[in-house]
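Here is how the chains run, residue by residue.
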Amino acid sequence: MDKPGIVVAGASGRMGQMLIQLIGDSDQARLVGAVDRPDSPWIGQDVGTAMGGAAMGIVVTDDPIEVIAGAQAVIDFTSPAATVALAELTAQARAVHVIGTTGLSEGDLKHIAAAARHAPIIRAGNMSLGVNLLVGLTRKVAAALGEDWDIDVVEAHHRHKVDAPSGTALMLGEAAAEGRGKSLDDLRTPAREGITGAREEGSIGFAAIRGGDVVGEHDVIFAADGERVVLRHLATDRAIFARGALRAALWGQDKGPGEYDMSDVLGLG
Ligand SMILES: NC(=O)c1ccc[n+]([C@@H]2O[C@H](COP(=O)([O-])OP(=O)(O)OC[C@H]3O[C@@H](n4cnc5c(N)ncnc54)[C@H](O)[C@@H]3O)[C@@H](O)[C@H]2O)c1
Ligand SMILES: O=C(O)C1=N[C@H](C(=O)O)CCC1
């Protein structure tokens, strides 16, 4: 069988460039399209040349329809608005949509769920093996410890990140809430500022640091009287997210319509 053809959306972005390099070097997939926003200076350029290397024979376009029609998967690390639009187009082409974009609203998620009725969509706030293992550990530790153990998720990212808490922090918070048999919506405490009052028992808090070139750091802190347990993941290279996304695109090739996540892809369920 031919290697699956993959479109990268957000080609000029930090993740887009990682993916183009990874797919270009892969013997399991081929790059068939590169999409970016209409005002990107990369539009009309060969994507390899735009990245400062050799030409790859793929011209960056702001019109996803044509390239998606000939693709088996779209890997998308863009913005919430772009991701919602791409979900509809990718579903129409019956291709696999791998979504790494974070900061999606409830409304965005409803659009994505509607698109997943027609094609497989694999979405995760973090595509790395390490974080997806940490999600399982967080669920277990939260289940083992009583509500007298306070839970906070503290995360740090580079200065360009636009959403908070990070998608990863929300995955970890959801896992902690699940461990306690609740939903994060029930336990999440608003960002702290001013006279917040004492902490509510069983609540889950979030704190975000933004600065420099930090790729991504997450601590899940379980704090009780006299002791703390800290679960930590440190990302030092974005390649971990790109490898996870490509793995998801390949895994999705024989899957039916529906919503999947990285625990499905990695068999961690
Ligand atoms: N799930 C994960 O593992 C993971 C890992 C890293 C980043 N992310 C998320 O991926 C997203 C992108 O991160 P980044 O660091 O690459 O950001 P970035 O700003 O470097 O790149 C975003 C890219 O999307 C493009 N874009 C924006 N609007 C578009 C549109 N309408 N059509 C086509 N392209 C469009 C931009 O031009 C840019 O090339 C963020 O939401 C981030 O949180 C997720
Ligand atoms: O760089 C980013 O932006 C990242 N976003 C994801 C998140 O929101 O958790 C994953 C880590 C990097």
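Note that this is a predicted model, so its numbers are computed, not measured.

1. Section: the domain arrangement of the chain
Then step 1. Taken as a whole, the chain is organised into domain 1 (5-123 + 238-266) and domain 2 (129-235).
Then step 2. In this structure, domain 1 and domain 2 have C-alpha centres spaced 28 Å apart.
Then step 3. Of the residues lining the interface, nine residues belong to domain 1; the matching set on domain 2 comes to ten residues.
Then step 4. Interface of domain 1 and domain 2: buried area, both sides summed, is about 740 Å²; carbon and sulfur atoms make up 62% of it.
Then step 5. Broken down residue by residue, the surface that domain 1 buries against domain 2 is led by R14, T102 and R238, which jointly contribute 50%.
Then step 6. Those elements that place two or more of their residues in the side of domain 1 that touches domain 2 are α9 (239-251) and α10 (262-266).
Then step 7. The leading source of residues in the side of domain 1 that touches domain 2 is α10, at three residues.

2. Some details on the sheet that holds strand β9 (residues 216-224)
Then step 1. Strand order in the open sheet made by the four strands is β8-β7-β9-β10, with mixed pairing throughout. The open sheet has two free edges, formed respectively by β8 (204-210) and β10 (227-235), since each of these has just one partner strand. Within the sheet, the average angular offset between the axes of one strand and its neighbour, ignoring direction, is 15°.
Then step 2. Direction of pairing for β9 relative to β10: antiparallel, over a ladder of nine bridges. Looking at the pairing, A224 lines up with E227 of β10.
Then step 3. Along the sheet face, helix α6 (residues 129-144) touches β7 (150-157), β9 and β10 and points at about 165° away from the line of β10.

3. Some remarks on the site of ligand 1
Then step 1. As a matter of local geometry, ligand 1 sits amid 21 residues, with R14, D36, R37, T102 and K161 nearest to it.
Then step 2. Measuring from an oxygen atom of ligand 1, one finds a backbone N or O atom of M15 at 2.9 Å.
Then step 3. Within the contact set of ligand 1, a nitrogen atom lies 3.5 Å away from a backbone nitrogen or oxygen of N126.
Then step 4. Split into classes, the residues belonging to the shell around ligand 1 amount to six nonpolar, ten polar and five charged.

4. Topic: the pattern of salt bridges
Then step 1. Taken as a whole and judged by the stated rule, the model has ten salt bridges.
Then step 2. Across the pair R139 and E178 runs a salt bridge whose closest N-O atoms are separated by 2.8 Å. In this pair, R139 sits in helix α6 while E178 sits in helix α7 (residues 167-179), placing the two residues 39 residues apart along the sequence.
Then step 3. Linked by salt bridges that have partners in common, D150, D152, R192 and R199 make up one network.

5. A closer look at unusual backbone geometry
Then step 1. The omega torsion across A164 and P165 is -10°, close enough to zero to call that bond cis.
Then step 2. Among the structural elements, P165 can be located in the loop between β7 and α7.
Then step 3. Residue R94 is not a glycine yet carries a positive backbone phi of 55°.
Then step 4. Residue placement: R94 occurs in the loop between α4 (80-92) and β5 (96-99).

6. Structural notes on the packing of aromatic side chains
Then step 1. Throughout the structure, instances matching the rule amount to one aromatic pair.
Then step 2. Taking 5.2 Å as the distance between ring centres and 80° as the angle between the ring planes, the aromatic pair formed by W251 and Y260 counts as edge-to-face.
Then step 3. In this structure, R188 packs its charged tip against the face of F206, placed 5.3 Å from the ring centre.

7. Quick notes on the sheet that holds β5
Then step 1. What the seven strands build is an open sheet, ordered β3-β2-β1-β4-β5-β6-β11; its pairing is parallel. Both edges of this open sheet fall to β3 (60-61) and β11 (258-260), since each of them pairs with a single strand only.
Then step 2. Bridging between strand β4 (residues 73-76) and β5 involves four bridges; their strand directions are parallel. Residue D76 lies in a different strand from β5, and its bridge partner there is I99.

8. Quick notes on the site of ligand 2
Then step 1. Taken together, the neighbourhood of ligand 2 is formed by T102, G125, N126, H157, H158, K161, S166, G167, T168, V215 and F241.
Then step 2. Note that an oxygen atom of ligand 2 is positioned 2.7 Å from one of the side-chain N or O atoms of H158.
Then step 3. Contact between ligand 2 and K161: an oxygen atom at 2.7 Å from a side-chain N or O atom of the residue.
Then step 4. Notes on ligand 2: free accessible area 310 Å², of which the protein chains cover 85%.
Then step 5. Looking at the shell around ligand 2 residue by residue, the classes come out as two nonpolar, eight polar and one charged.

The rules behind each value
- Residues numbered from 1 in each chain as written.
- Chains lettered and ligands numbered in written order.
- Predicted model: local features only at pLDDT ≥ 70, side-chain atom pairs only at ≥ 80, totals over all residues.
- Heavy atoms only, no water.
- Domains from an automatic or database assignment.
- Contact = heavy atoms within 4.5 Å.
- Buried area = accessible area lost by both parts, 1.4 Å probe.
- Helix = DSSP H or I, 4+ residues; strand = E, 2+ residues; numbered from the N terminus.
- Pairing = 2+ DSSP bridges.
- Axes fitted to C-alpha atoms, helices over the stretch in contact; angles between N-to-C directions.
- Near = heavy atom within 4 Å.
- Polar contact = N/O pair within 3.5 Å; in protein donor to acceptor, adjacent residues only side chain to side chain.
- Nonpolar A, V, L, I, M, F, W, Y, C, P; charged D, E, K, R; others polar.
- Salt bridge = Lys/Arg side-chain N within 4 Å of Asp/Glu carboxyl O.
- Phe/Tyr/Trp six-rings, centres within 6.5 Å; stacked < 30°, edge-to-face > 60°.
- Lys NZ or Arg CZ within 6 Å of the ring centre and 35° of its normal.
- Areas by Shrake-Rupley, 256 points an atom, 1.4 Å probe, with all protein chains shown as cover.

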